[in-house]
Structures are given as C-alpha cells and as structure tokens.
Amino acid sequence: MSAAGPSARELANAIRALSMDAVEKAQSGHPGAPMGMADIAEVLWRGYMRHNPANPDWPDRDRFVLSNGHGSMLLYSLLHLTGYDVPMEQLKQFRQVGSLTAGHPEYGDLPGIETTTGPLGQGLANAAGMALAEKHLAHRFNKPGFELVNHYTYCFAGDGCLMEGISHEVGSLAGTLGLGKLIVFYDDNGISIDGEVEGWFTEDTVERFRAYGWHVIPHVDGHDPAEVDMAIDNARAHTGQPTLICCRTTIGYGSPNKAGTEATHGAALGADEVAASREKLGWKYEPFEIPQSIYDAWDARSAGAGAEQQWNALLESYCREYPEAGSEFRRALARELPDGWADKADAFIHECQENMEKLATRKASQQCLEHYGPQLPELLGGSADLAGSNNTLWSGSKVITSKDASGNYVHYGVREFAMTAMMNGMSLHGGLRPYGGTFLVFQDYARNAVRMSALMHQPDILVYTHDSIGLGEDGPTHQPVEQLATLRMTPNMSVWRPCDTVETAVAWRFAVERVDGPTALVLSRQGLPCQTREGSTLDHVARGGYVLADFGDGEPEAVIIATGSEVEIAMNAARELEEQRRTVRVVSLPSVDMFLRQDQDYRDRVLPPHIRRRVAVEAAATDYWWKFVGLEGRIVGMNSFGASGKGPDLYEHFHITAQAVRSAVEALLET
Ligand SMILES: Cc1ncc(C[n+]2csc(CCOP(=O)(O)OP(=O)(O)O)c2C)c(N)n1
Ligand SMILES: [Mg+2]
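Attention in this report is confined to the structure presented alongside it. Given the structure is predicted, the values throughout are model-derived calculations rather than measurements.

Cut-offs applied
Residues numbered from 1 in each chain as written. Chains lettered and ligands numbered in written order. Predicted model: local features only at pLDDT ≥ 70, side-chain atom pairs only at ≥ 80, totals over all residues. Heavy atoms only, no water. Helix = DSSP H or I, 4+ residues; strand = E, 2+ residues; numbered from the N terminus. Rg over C-alpha atoms; globule rule 2.2 N^0.38 Å. Buried < 20%, exposed > 50% of the residue type's maximum accessible area, 1.4 Å probe, protein only. Contact = heavy atoms within 4.5 Å. Areas by Shrake-Rupley, 256 points an atom, 1.4 Å probe, with all protein chains shown as cover. Lys, Arg positive; Asp, Glu negative; His and termini not counted. Charge placed at Lys NZ, Arg CZ, Asp CG, Glu CD. Core = buried A, V, L, I, M, F, W, Y, C linked by side-chain atoms within 4.5 Å. Salt bridge = Lys/Arg side-chain N within 4 Å of Asp/Glu carboxyl O. Near = heavy atom within 4 Å. Polar contact = N/O pair within 3.5 Å; in protein donor to acceptor, adjacent residues only side chain to side chain. Nonpolar A, V, L, I, M, F, W, Y, C, P; charged D, E, K, R; others polar. Axes fitted to C-alpha atoms, helices over the stretch in contact; angles between N-to-C directions. Parallel < 35°, antiparallel > 145°, perpendicular 65-115°, else oblique. Left-handed = near helix turned anticlockwise from the far one by under 90°.

Remarks on the overall build of the chain
So, point 1. Check the secondary structure of the chain and you find 27 helices and 20 strands.
So, point 2. Computed over its C-alpha atoms, the radius of gyration of the chain comes to 28 Å, within 12% of the 26 Å expected for a compact globule of 671 residues.
So, point 3. Taking the principal axes of the C-alpha coordinates as reference, the chain spans close to 95 × 60 × 45 Å.
So, point 4. Relative to its 671 residues, the chain shows a buried fraction of 62%.
So, point 5. Taking the intrachain contacts of the chain between residues at least 6 apart in sequence as the baseline, contacts between residues at least 24 apart amount to 77%.
So, point 6. Of the roughly 24,700 Å² of accessible surface on the chain, 49% is carried by carbon and sulfur atoms.
So, point 7. Between the averaged position of the 57 positive side-chain charges in the chain and that of its 88 negative side-chain charges there is a distance of 2 Å.

This is how it looks when you write it as structure tokens:
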C-alpha cells in the first residue's frame, strides 16, 4: 500500500477476498465471477457510479444490474465496501436461512439490489427496461436547464446471459430503441459451468451486437483499470446507441491453481487454495478483515449524499418552475393515483353495468384503457406484435421511437420474454406503470419473467387475450389449456378472468390500484354478454368471487362456479334448471386469489360449505377446480389440447355447454 492510499488492484482484491471468504465459510457459492470482474467493478463503482448508499432509492441514481446473478458476492461486497447498510455480519451469513445475503441477489433483501437476478439473461432485459424508463421519463419531464432524469444503467453479463435467447430479443430491441445510456459489460472469460465455452458458444459476439445497432467496444483487458476506464468514458460519451464493452477476464483471477477454469465457477476454492490465492494476490488480512484505508477509499457516502442533494435542489427548483409537471413527476414516483381516481372508476364501472354491452373482454379492456388511461400518464403500454388483437392500443397511445421516447406505447415486436422482463425493469425503475399484451398461450414464452414479477412484487399489468378454445380456428397451438392454472399457482400473482365489461372494468381497476405484485388480465377473443347485477352484487365483483344469481326460490340445491366466457354457459344452465323447478346458484369467480383473500364469513356466504353439489365450468385444465367442488363435485372443462375450428363448434366438440353443465348438476341432484 503506497502513501497515496491503496492501489486499484488492492481495492479490487478486497472484493476477491470477501467473495472467496464468504463462499468458503458457506461452503457454497460462486467465487469465480466476482474474482474475475473485481477490477472492472472497481473502476466503475469508484470512478463512475452515481449512487447514495444512505438512500439507495434516490430516483436519479445510476442503476447497476448484475445479470450474472450467481456472482452475488461481487454485489454484496460492493454494497458493503461503499457504505450501504450491509454489515460484515451479513457477508459472514452468506447463503444461510434468514440472512439477507441470499444465494442470488434478491430484490428487497438488501439496500442497493436493483433487481433479482440469477435466471441468466433476464438481468440484461431488466437493465434495458430501466434504460428505457430513464429515456422515456427524460423525454417526458426534462426541460431546458433541468436534466431531472439523467442517469446511466450499467449491467454486468456473462457468457450465460449472452447465450440465452432473451439476449437476442433484448439486444435487438435495445439497439432499435437507441437506449444510449445502457452500458453492458460482457465478462468474456471463456468459461461456463461445463468448461471452455468453445464447445458451445462460438459466434462473434462483437459483430452480433453491432448488427443489432449497438456501439461495441471490443478487446478490453478486464484486468487493466486504465483500459476499462477508457472504455467506460467512451461508452458514456456515446449516447445514441447502447454500448457493449467486451472485457477479456480470467475467471477466479488470483487463484493460482484454479483461475481460468470452471472449478472456480460454483464451488468453494478450498482452504489451501484460498490461502494460496491470498499469497498470490498479496492480501495479508484475515478472513472478513478489511483495513480502514481500503474502506476509506471505497466509501461512497459523502460523494453520494452530495450528488443526491444537488439533485434534490434541482427537483425543488423544477417544481417551482413547472409546478404541474413537478407534481406529476412526484406522484408517479410515489405510485400514487391521481385525485378523483376512485370516484371516476366507480362511475365507469356503473356505466358499464348500465350499458349492458355485449363485447369481447379484450375489447372491454380497451374501453378500460380509454377511461382509465387519460388519468394515468404513467401507464406505459405495449404488445408483442399483437397490438390489434390484444387491444392494447387506445386513442391516447403514442409510440415510443428511438428519436422520441416521450410516448407511452412500445411495439416490442415478437418478443414476449423481453417484453415482460423489460416491464419488470421499468417497474423497478419507478415512475411508470407498464402493461403489455400477448396471447395467453404465449405467456409461456415469457414464463420466467412473469414469475420474476411476482417474486419481486412488481405491479406489472399482463394483458393476456385469446384465453381459450373460444379463439377458434387458430387451433390447439394457440388455445391455452394449462396456462390459467399455472398463473394461479404462482405465488403473489393476481389472476382475473372477467366475464363481461363490468368485471373487466373492475379487474383493470384492481390491476392499476395494486402496488405489490403483478396482475394477469385473462381476456376473451369472442363477444360475451353483459350480466345483470342487482343490489350489492356490483360491489361484490371486486371481491373476486360473488353470487351472480340465485335461480328458484329458497336455499340453493347446487352451485355452479364459472369464470370468464363460461359464466354465460353457467347462467344458461341454471336457467334451464330453474325451469325444472330447481334452485341453483351461479357464482362468478373472476379472481380466485382475490376471493381467497376475503374473510371466511364472506366466502362461506358465497359458497356455503354445506352445499356439496358443486359444478365448476371453465374452458381450461380441470384439475385446478377440485379444491372448490370437492370429491363429490363435477368439473366441466378441458382435459386435452384444443382443436382447430369455429369457436362455438369447439365448445360443442369439447362438451363445454349449458347442457353439459346442466347434466352434471342433474347427476349430482340424483345423489
Ligand atoms: C436461465 C438459467 N439457466 C441456467 C442457470 C444455471 N447456471 C448458473 S451460472 C451458469 C453458467 C454461466 O456461465 P457464465 O455466465 O459464463 O458464468 P461464469 O462461469 O463465467 O461466471 C449456469 C448454466 C441459470 N442460473 N439460469
Ligand atoms: Mg463465463
């Protein structure tokens, strides 16, 4: 250590030591990537990152995404060293139950984790979403002399991230959208779990990203701080295109016997090798010991507080100069709804009820956008090339382009996975409420990003149309069967399958008001009649499940449970049964999860426990419904894939009809 303080290498070695030691103590984890990328991280975090460890949520901070999330110790070390509230004790508890230092960085666990990463490639898409959010908000809010939104999004990505298909989707779209403040560092270490990637990853990454329209800086020595520094300078100056900085690194750098091999990727180095690495790196300190001079050099607290203060002052004067824009900006960041929201939503829902319009729920969804959209400039829509079918465009939609990002609609192209992961990035960024559409069946393409939105509690609005065999001629490839059940089984996902314009309006309202998780709106292609609701019934829709109608006088003998397009079928069956002097209840269950959140008393009033004659009808996988109908109940639904044909014919073909429901009830009534 010189009199001038620790060298860049020594500062990077602090990351290496902490990473080795934490993995060694846990006997679990990934030392290779943190040791390989430590020098790059040192240059970026000490030279460029604008962040405030005391206030990790400061809106205009630079974002940092570790897409190769297995390198979590790199991020934990950085947060600890730069002064976040990440005590050494947490690093010692790496990967233990109850600690905040999970195996992969979990959003919300530690301050400074911008997104949950681990599923490779998705961090890259989250970062692109953040960069898009930044670009959009800057175009919308910045004024001459007021660069209110002005930050970079930095992302580390490994071979795995770039092998994943999503890297193509997002690379292509980020290039097209000209996300110039997205700067990605490719950890080109030639190694993934199975060994040297030569055997499975040989394309020319530099040319590949150039073809997407990126600014690519090739052949950077990731262990030479001066080269890395020059590359970052170059990238930041180049704001017309996203930048990929290709850094040659050695995985496990510093480990004398294992560096450069897959042995360092995902296992503790072993006590002897850790000792040998200390020796080779010239790191003289005990495990988890960091000398004060190293802490001092890493400490980002005072610079961070200063940067934030400056920005706060800018925001204050912005709000004085542009009070309306200023309060809109603050409202959107706080995820608050505009004044009068609730009254207007109530009025719209009542209007839908009064109009009694027969409409496909995908079209009803568009009406919701027309009504709710003008109040919500933070809504940022899009579709994976199905705008006309998903009805996600409305009269207030303006398309975002590379040149003008002030709009509110993204044509994602045929990229469901990137769309959803980018929506996650935008939600995480803040200031925006993304919604995006595709066919329900192609939700599978985006599946892991859907899961991540629920895991990270991000309130994405997922618009899924063409929700059953009712879509007709496109056939079984396009007809979802199992998707509804898997969405419903995803923790923290709210799923709504409305039966008419009213339920759609309620579902959209719920999705907009929700702040702690995603909502899937599952919508029909075909027209659906509007159901009559009397008395308090309309208010009960928002509870996710309610008595739509009781047919016949007195206690119901049987209950029919239905969702979405099958509510009409249930109602027809119940009417026919009433003609036979039967008393039958129809329960509409647009959102099972919402219904299950109601108190027991309400649920029992809707589905009285003693009424065991229950039939569920839904044009989807039947298995989900057993918990509602019980062993004595019956389910009318799909037990196979669909088929190509006219929608109404398919309902006949698969016996999802009023007659089938009636027969099922009749069979129960005989018991
Ligand atoms: C989508 C996904 N598939 C598989 C894995 C399991 N996995 C974790 S790291 C890794 C290899 C990554 O290689 P690379 O990005 O080159 O990381 P390095 O070994 O260089 O640190 C794999 C396959 C994962 N985390 N995510
Ligand atoms: Mg690698």
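There's more to say after this.
What about the nonpolar core?
So, point 1. Counting 85 residues, the largest nonpolar core has Y372, W508, I560 and I656 as its most contacted members.
So, point 2. Among the elements that take part in this core, helix α20 (residues 501-513) stands out by supplying eight residues, more than any other.
So, point 3. Excluding residues that lie within four positions of it along the chain, Y372 makes contacts with W341, A345, F348, I349, A505, W508 and R509.
So, point 4. In terms of nonpolar packing, the next biggest core, distinct from the first, is built from 76 residues, L182, Y186, A384 and L484 among them.

Side note on the pattern of salt bridges
Two side chains with opposite charge may pair up if their charged atoms get near one another.
So, point 1. Enumeration according to the criterion identifies 31 salt bridges in this entry.
So, point 2. Taking the shortest distance from any N to any O, the salt bridge between D404 and K398 comes out at 3.2 Å.
So, point 3. Here E666 makes a salt bridge to R662, at a shortest N to O gap of 3.5 Å. Remark: R662 and E666 occur in helix α27 (residues 658-669); sequence separation between them is four residues, near one turn of the helix.
So, point 4. Looking at E666, the relative accessible area reads 23%, which means it is partly exposed.
So, point 5. Judged by its relative accessible area of 22%, R662 falls in the partly exposed class.
So, point 6. Where salt bridges share partners, they join D467, R488, R497, E566 and E618 into one cluster.

Here's the deal with the site of ligand 1
So, point 1. Taken together, 15 residues are adjacent to ligand 1, and G118, G160, N189, I191 and H265 come closest.
So, point 2. Here an oxygen atom of ligand 1 sits 3.0 Å away from a polar atom, N or O, in the side chain of D159.
So, point 3. A distance of 2.6 Å separates an oxygen atom of ligand 1 from a polar atom in the side chain of N189.
So, point 4. Considering ligand 1 on its own, with 590 Å² of exposed area, one finds that the protein chains cover 74% of that surface.
So, point 5. Mapped onto the shell around ligand 1, the elements with two or more residues apiece are α6 (159-163) and β4 (191-192).
So, point 6. The residue makeup of the shell around ligand 1, split by class, is six nonpolar, seven polar and two charged.

As for unusual backbone geometry
The general pattern is negative phi for most residues beyond glycine and trans for most peptide bonds.
So, point 1. The phi dihedral of D385 is positive, around 65 degrees, even though this residue is not glycine.
So, point 2. Mapped onto the fold, D385 is located in the loop between β9 (379-383) and α16 (387-390).
So, point 3. With a phi angle near 60 degrees, H466 is a residue other than glycine that sits in the positive phi range.
So, point 4. With respect to the helices and strands, the residue H466 is situated in the loop between β12 (461-465) and α19 (483-489).

Brief notes about the packing of helix α5 (residues 122-141) against helix α17 (residues 416-429)
A pair of packed helices can be characterised by two numbers: the angle between their axes and the separation between those axes.
So, point 1. Axis separation between α5 and α17 bottoms out at 7 Å; the angle between their running directions is 55 degrees. Compared by their axis directions, α5 and α17 come out oblique. Classified by chirality, the crossing of α17 by α5 is right-handed. Counted together, Q122, A125, N126, A128, G129, M130, L132, A133, E134 and L137 of α5 and F417, A421, M422, N424, G425, M426, L428 and H429 of α17 form the full contact between these two elements.

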